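# Geometric and topological summary
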Amino acid sequence: MTSYPLLEVDGLRLARKGGATLLDGLSFAVAAGQCLGIVGESGCGKSLTLRATMGLLPAGVELAGGEIRLSHQAGSAPTAVPPGQAAGRGLAMVFQDSHASLDPTTRVGAFIADIVRRRTGAWRTAARKRAVELLAAVGVPDPGLRFHAYPHELSGGMRQRVAIALALATDPRVLLCDEPTTALDVTLQAEILRLLDAARTERGLGMVFVSHDIAVIRQIADVVAVMYAGQIIEAGPVADVLDRSRHPYTRALIDAVPTLDGPIGRFRPIAGAPPAPADYSPSCRFRDRCAHQVAACSGVVPGIDALTIEHRSSCVRSPRTHSSRDPSPYDHSSYDHSPGDHSPGVHEPEAT
Amino acid sequence: MSALIRVHSLVVDHPVRAGFLRRRRLRAVDGVDLELMRGEILGLVGESGCGKSTLARAIVGLTPPTAGGVLLDGVPVPGRRPPGMRRRIQMIYQDPGSSLDPRRTVAQTLAEPLRRTLPAGKPARLAGPSAQKIAHRTRELLEMVGLGERQAHALPRELSGGQRQRVAIARALAVEPEVLVADEAVAALDASVAGAVLNLLSDLRERLGLSVLFISHDLATVRGLCDRVAVMYLGSIVEEGPVARVFARPGHPYTRVLLDAVPSRDRRRSGGAVPGLGGPGELGRPGEPGEPGEPGGLGGPRGLGGEPPSPLHVPPGCRFHPRCPRAAAVCGTSEPSEERRDGQRVWCHFAWR
């Protein structure tokens, strides 16, 4: 039984060139078969985190510190990857906008086959066969025919499937998903989530799933990290974090989402807006919007890391961590992660 | 309550190219009847491509109807609307980033419609309303949507998404419309920011007696905001009624499927991450795409196989039958007629069953 994670992001710091800090020493880990959900409002840095992990930093943003470690073999300790070189070495990414991941002038099958050839050095015919298999595996009907389609000839849902096939073509160990279902209808969203979940279970993929939608995170993730203003402010098993939130921001974020059950009333937005990166302070960044502010909030309140799956929060009012008197002790059975053989345990927490 | 807008047997065709020199017509809206009451918020839901935006554009007057028409306050709306009529129905779009002029400040954006609609000053009728009047009304509008003096001189790019959408709403309100048509107006916003904009719409309805046609694919939002909801599929309304009733007891299988597909923030669905909807997509079942049309029912909830068929090939009979979990032989041959119950209207052979 391995206790090594597949991917470890340790102390990731990003800053605008010569300017404000955007990400503040972010750390998280993903194990085989595990899905880490990262949730937060727009601008909190969740997509940036994924891009930095993948080595796709936007212009004007630079890496100011931190290390990305990737395990190259099952059971081996993850080793550091030089900045910007994680892509293709076990990481693949699915984007919100499927147009962005495909070449508009290349037939989708040829595009996938090309990736397969580069990756494996396979013969042309073998690569084509593999591409058709991949298309079939992501539920593209008539994969042999769709092989010859251009991206614009496919519907949005179909294009997202192709983008997933493309990501799987590199045989990744960890799949990074950046809001892959946000642009889709609910019916398609459900199918794409199911598809990603199946890919994860069958291939034992690690997955990082970024979304602003708590409901989507609830469906797909095992472990969730809540981000606010460039920090992780609460993390832990999904059921614990969402049902027994310790950070007022997490609570507010959940309450802001309308539901199909429960009383119909006014929407409950979070008052105020998150701070701009230039205004990030060492104290609690949520305190101006928080209804439970105390004096300690103005002291130094660091973010937390998500390197373990223990439920923790950065809020000064939340129960301190590492305590066996924790009211919601973490135990494996409490989170339904399908086959028990690849345990989501990353650096097992002290037994409870 | 009287119907402020009545859409009757509205048909909208789009010409499409179907090969060299061959033209066909794509029927985006196919015989829709719909009423919007005064002071009501009506939700319009359906998958992308079902024609909901086209219907909205036809109501606003941006797309000419092929047949049927729109009555505003009982008066038929002519093909070319007189300005007075255009003023009464305003539209807000999903992306305020592209519907606002990037080089105009908020105040300049709001001043333009005001210059045309505010009554002119006395001395020189031709000069239009005075700058003072415009400034006053601009402040009033900004205050109405929860923005301040500080934002008045900002450019759209200096505002957040939520603020931009508020400016778009203020601009629509500048001409004192009776109806707002909001096409996915909060789809691009975070839940929290969206909630604030939706509360604003709700307040404006109370305060100004506005009617709102709210188009969305987010059913939970529609439930929280709207009084009534209409569900559209492939150009037709398949179900319509008060929100609470439709969501509690959907009469049409399509409505049921849509509701079932909405992920819950409070619980994970049993049996894996996402519901056991049928259709293509399961890994490990390569080459076996769940063809729409195969009869459903392997136990458990079953959803939609695949995507809606193209409006170029509308199936005969009930247009939903190829994807319907309850389809029977009759569904493929005859179009369902309307069934009514408690103010709810459903077009299905097996409504509420």
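Residues numbered from 1 in each chain as written. Chains lettered and ligands numbered in written order. Predicted model: local features only at pLDDT ≥ 70, side-chain atom pairs only at ≥ 80, totals over all residues.

## Structural notes on the interface of chain B and chain A
Interfaces are often sized by the amount of accessible area the parts lose when they come together. Each side of the interface is counted separately: chain B has 47 residues, and chain A has 45 residues. Contributions of two or more residues to the side of chain B that touches chain A are made by α8 (191-208), α9 (219-225) and α11 (253-261) of chain B. Among the elements that line the side of chain B that touches chain A, the one with the most residues is α8 of chain B, at 7 residues. Its residues placed into classes, the side of chain B that touches chain A shows 22 nonpolar, 16 polar and 9 charged. (Contact = placed C-beta atoms within 7 Å. Helix = DSSP H or I, 4+ residues; strand = E, 2+ residues; numbered from the N terminus. Nonpolar A, V, L, I, M, F, W, Y, C, P; charged D, E, K, R; others polar.)

## A closer look at the environment of A32 of chain A
Position of A32 of chain A relative to the elements: it lies in the loop between β2 (21-30) and β3 (35-39). On a C-alpha basis, the gap between A32 of chain A and Q160 of chain A in space is 23 Å, while along the polypeptide they are 128 residues apart.

## Side note on the confidence of the model for chain B
Looking at chain B as a whole, the pLDDT averages 84, with 86% of positions reaching at least 70. Within the model, pLDDT remains below 50 along residues 271-302 of chain B, and this stretch shows 75 contacts once partners closer than five positions in the same chain are excluded. (pLDDT = per-residue confidence, 0-100.)

## Examining the environment of L258 of chain B
By the secondary structure assignment, L258 of chain B is in helix α11. With 86 residues separating them along the chain, L258 of chain B and A172 of chain B place their C-alpha atoms 31 Å apart. Discounting chain neighbours no more than four positions away, the residues touching L258 of chain B are V186 and T187 of chain A together with V45, L219 and V231 of chain B.

## Overview of the sheet that holds strand β5 (residues 79-81) of chain A
Residues and elements named next belong to chain A. Taken in spatial order, the 4 strands of this open sheet run β2-β1-β4-β5, and their pairing is antiparallel. The sheet is open, and its two borders are formed by β2 and β5, each paired with just one other strand. Neighbouring strand axes in the sheet, compared pairwise and without regard to direction, differ in orientation by 15 degrees on average. The pairing of strand β4 (residues 61-70) with β5 spans 3 bridges and is classified as antiparallel. Bridging from a neighbouring strand, R69 pairs with A80 of β5. (Pairing = 2+ DSSP bridges. Axes fitted to C-alpha atoms, helices over the stretch in contact; angles between N-to-C directions.)

## Digging into unusual backbone geometry
Although it is not a glycine, D171 of chain A adopts a positive phi angle of roughly 50 degrees. Secondary-structure assignment places D171 of chain A in the loop between α6 (156-168) and β7 (174-178). Despite not being glycine, L234 of chain B has its phi angle at roughly 50 degrees, a positive value. When you line up the elements, L234 of chain B lands in the loop between β9 (228-233) and β10 (236-242). The exposure class assigned to L234 of chain B is buried, which follows from the 24 C-beta atoms found within 10 Å. (Buried ≥ 20, exposed ≤ 12 C-beta atoms within 10 Å, placed from the backbone.)

## Thoughts on the pairing of strand β10 (residues 231-237) of chain A
All names here are of chain A. Counting buried residues in β10 gives 7 out of 7 residues, a clear majority hidden from the surface. Note that strand β9 (residues 223-228) and β10 share 6 bridges and pair antiparallel. Opposite V226, over in β10, you have E234 as the bridge partner. The turn linking β9 back onto β10 is made up of 2 residues, and A229 within it adopts a positive phi angle of 50 degrees. Across 2 bridges, β10 lies against strand β11 (residues 312-313) in antiparallel orientation. From the neighbouring strand, A235 faces β11, where its bridge partner is R312.

## Here's the deal with the nonpolar core
By size, the foremost hydrophobic cluster in this structure holds 198 residues, and its most contacted members are I112, A165, V208 and V226 of chain A together with L213 and F214 of chain B. For this core, the element with the most residues is helix α7 (residues 186-203) of chain A, which contributes 9 residues. (Core = buried A, V, L, I, M, F, W, Y, C linked by C-beta atoms within 7 Å.)

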